[in-house]
Amino acid sequence: MTTNATTADNLPTVLTLDETARFLRVSKATASNLARGKVHGVKPLPVVRVGRRVIVRRDSLLEWLSRQDQGSVVR
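Rules used in this analysis
- Residues numbered from 1 in each chain as written.
- Predicted model: local features only at pLDDT ≥ 70, side-chain atom pairs only at ≥ 80, totals over all residues.
- Heavy atoms only, no water.
- Helix = DSSP H or I, 4+ residues; strand = E, 2+ residues; numbered from the N terminus.
- Buried < 20%, exposed > 50% of the residue type's maximum accessible area, 1.4 Å probe, protein only.
- Contact = heavy atoms within 4.5 Å.
- Pairing = 2+ DSSP bridges.
- Axes fitted to C-alpha atoms, helices over the stretch in contact; angles between N-to-C directions.
- Core = buried A, V, L, I, M, F, W, Y, C linked by side-chain atoms within 4.5 Å.

1. Describing the overall build of the chain
- Looking only at helices and strands, the chain features three helices and three strands.
- The order of α-helices and β-strands along the chain, N terminus first, is β-α-α-β-β-α.
- For the chain, the residues scored as buried account for 24% of the 75 residues in total.

2. Structural notes on the environment of Val56
- Within the secondary structure, Val56 is located in strand 3 (residues 53-57).
- It is 6.3 Å that separates the C-alpha atoms of Val56 and Thr16, two residues lying 40 residues apart in sequence.
- Once you skip the residues sitting within four places of it in the chain, Val56 turns out to touch Thr13, Val14, Leu15, Thr20, Leu45, Pro46, Val47 and Leu61.

3. Quick look at the sheet that holds strand 1 (residues 14-16)
- The three strands are arranged 1-3-2 in an open sheet whose pairing can be described as antiparallel. Only two strands of the sheet have a single partner each, and these edge strands are strand 1 and strand 2 (48-50). The mean inter-strand angle of the sheet, taken between neighbouring strand axes irrespective of direction, is 35°.
- With three bridges connecting them, strand 1 and strand 3 associate as antiparallel partners. Counterpart to Leu15 in the pairing with strand 3 is Val56.
- On the sheet, helix 3 (residues 58-70) packs against strand 1 and strand 3 and is oriented at approximately 70° with respect to strand 3.

4. Quick look at the nonpolar core
- Residues Leu11, Leu15, Phe23, Leu24, Leu34, Leu45, Val56, Leu61 and Trp64 constitute the largest nonpolar core, which totals nine residues.
- Within the residue set of this core, elements represented by two or more residues are helix 1 (17-24) and helix 3.
- Within the second largest apolar cluster, five residues are counted, among which are Leu17, Ala31, Ala35 and Val54.

So this is what it looks like as structure tokens:
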């Protein structure tokens, strides 16, 4: 069985919002809301804006994801 799952090992140095959404396994709308800081209880996704483009650095994404994991509470 072949899968298209993206791992941190094969991510490009910079990702588009669509690539970021696929990596996080969320919709592009949710990724956009994460970048805008509109998801309650979640710190904004660190992005670089180049004109209208939104770029996410791989290292920033992985660090952000790690911080989200550290702050989670299991109930």
